[in-house]
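A structural walkthrough
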Amino acid sequence: MVLALTVVVITRVISASDFAPATPETESPEPQERDYSKFKHDNPNHSRLPCLLCHRRETNSPLPTLPGSNGHLPCAGCHAEQFANSSGPMCSICHTDSQSGKLKSFPRLNSFNVKFDHSRHVRMGSVSCASCHRPSRGGVALSIPTGFNAHTTCFRCHTPSAKSGDQNISSCGLCHQPGRHVRTRVTAAAFHVGFSHAKHDKSEGLSCNECHRVRAGVARRLQVSAPQPLNHHASPSAFSCMSCHNGKRAFGGDDFSVCKRCHSGNAWHS
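Rules and cut-offs
- Residues numbered from 1 in each chain as written.
- Predicted model: local features only at pLDDT ≥ 70, side-chain atom pairs only at ≥ 80, totals over all residues.
- Heavy atoms only, no water.
- Helix = DSSP H or I, 4+ residues; strand = E, 2+ residues; numbered from the N terminus.
- Buried < 20%, exposed > 50% of the residue type's maximum accessible area, 1.4 Å probe, protein only.
- Areas by Shrake-Rupley, 256 points an atom, 1.4 Å probe, with all protein chains shown as cover.
- Contact = heavy atoms within 4.5 Å.
- Phe/Tyr/Trp six-rings, centres within 6.5 Å; stacked < 30°, edge-to-face > 60°.
- Lys NZ or Arg CZ within 6 Å of the ring centre and 35° of its normal.
- Polar contact = N/O pair within 3.5 Å; in protein donor to acceptor, adjacent residues only side chain to side chain.
- Disulfide = S-S within 2.5 Å.
- pLDDT = per-residue confidence, 0-100.

Side note on the overall build of the protein chain
- In terms of regular secondary structure, the protein chain is built from 5 helices and 8 strands.
- Helices (α) and strands (β) of the protein chain occur, in sequence order from the N terminus, as α-α-α-β-β-β-α-β-β-α-β-β-β.
- Split into buried and exposed, the 270 residues of the protein chain put 29% on the buried side.
- Accessible surface for the protein chain amounts to roughly 17,400 Å². Of this, 56% is attributable to carbon and sulfur atoms.

This is how it looks when you write it as structure tokens:
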């Protein structure tokens with residue numbers, strides 16, 4: 001499984017007018033009773049704005065930059081009335097104490113999902129599974145970039161102002177879209193049978209493609225196939241451990257004592 005990115009084009013050009021106070025003709029009225037305890041990306045007035053209006057990327061820092069450091073712009077462009085009162089309810093979105101200016105920590109990702117297309121990335125000559133995944137848990141597993149740390153991996157290519165052809169590939173909207181955040185699984189059933197990626201690597205003449213296939217156009221959790229983690233009882237048409245461990249390619253002859261290579265200790269669960 002690989003966490004990566006599906007290209008979404010943002011065509012709007014950001015100009016100084018984006019930071020100007022909104023006029024009555026363009027500003028949508030904000031009810032005074034609105035809940036300002038939390039910022040809502042899916043608010044109709046927010047969702048129509050380009051991500052780069054508020055989250056300016058000037059470095060490869062994995063933590064996004066919060067807007068508002070410059071006189072509360074661009075937020076004050078629409079919320080001038082609310083910002084006129086330094087003790088107003090809107091201040092609690094970003095501040096633990098608005099009088100001292102103390103800021104809350106950057107919120108956890110919960111109102112955005114992550115989009116990723118493995119098939120788009122494996123077509124790039126400079127990208128392989130190892131570009132995003134590293135040995136983990138003593139070589140048994142491979143890491144999956146998650147949380148803000150995932151930016152460190154992605155930003156190696158998706159640098160500030162980076163483009164692919166004429167497409168901007170640096171914006172938040174390239175990977176994220178409003179909606180419930182679905183976390184990527186970090187374990188697989190195959191890990192319960194004592195499988196180790198460290199023992200199935202180039203030293204054995206193997207690559208990721210020996211066991212995994214990339215499917216285009218499906219949900220992220222289904223984009224990369226895996227063998228059925230059953231050596232002896234997989235369905236006939238399925239790719240499984242037995243595809244290699246068949247007494248010919250591996251586990252030569254009829255010496256079944258070598259089953260201990262996988263079925264040993266607490267790593268094996270029947």
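As for the side chain of T153
- By secondary structure assignment, the location of T153 is in helix α5 (residues 149-154).
- Excluding residues that lie within four positions of it along the chain, T153 makes contacts with S131, C132 and P145.

A few points about unusual backbone geometry
- The linkage connecting L73 with the following residue, P74, adopts the cis geometry, with an omega of 5 degrees.
- Here P74 is to be found in the loop between α2 (51-54) and α3 (80-83).
- Non-glycine residue S161 carries a positive phi angle of around 65 degrees.
- Its location among the elements puts S161 in the loop between α5 and β6 (163-164).
- Using a relative accessible area of 60% as the deciding quantity, one classes S161 as exposed.

Topic: the packing of aromatic side chains
- In the structure shown here, the tally under the stated rule is 0 aromatic pairs.
- The ring of F155 has R57 lying over it, and the distance from NZ or CZ to the ring centre is 3.7 Å.
- Taking the ring centre of F239 as reference, the NZ or CZ of R213 above it sits at 5.7 Å.

A word on the environment of S119
- Assignment of secondary structure puts S119 in helix α4 (residues 118-122).
- Separated by 97 residues in the primary sequence, S119 and A216 place their C-alpha atoms 5.4 Å from one another.
- Each residue touching S119, except ones within four places of it in the same chain, is listed here: V214 and A216.
- At 2.6 Å, the side chain of S119 and the side chain of D117 are in polar contact.

Looking at the state of the cysteines
- Counting across every chain of the model gives 0 disulfides.
- Not engaged in a disulfide, the cysteine C54 finds its nearest cysteine sulfur in C75; these two sulfurs lie 5.5 Å apart.
- Given a relative accessible area of 22%, C54 falls into the partly exposed group.
- In this structure C132 is a free cysteine whose sulfur lies 6.4 Å from that of C154, the closest cysteine sulfur available.

Structural notes on the confidence of the model for the protein chain
- When the pLDDT values of the protein chain are averaged, the result is 74; 72% of them are 70 or greater.
- Within the model, the stretch residues 1-30 combines pLDDT values under 50 with 76 contacts to residues more than four positions away or in other chains.

Points about the environment of S207
- By secondary structure assignment, the location of S207 is in the segment after β8 (176-178).
- Put simply, S207 and C129 are 78 residues apart on the chain and 9.4 Å apart in space, counted from C-alpha to C-alpha.

A short note on the environment of C157
- With respect to the element layout, C157 can be found in the loop between α5 and β6.
- Put simply, C157 and I169 are 12 residues apart on the chain and 8.9 Å apart in space, counted from C-alpha to C-alpha.
- Residues in contact with C157, not counting those within four places in the same chain, are A162 and I169.

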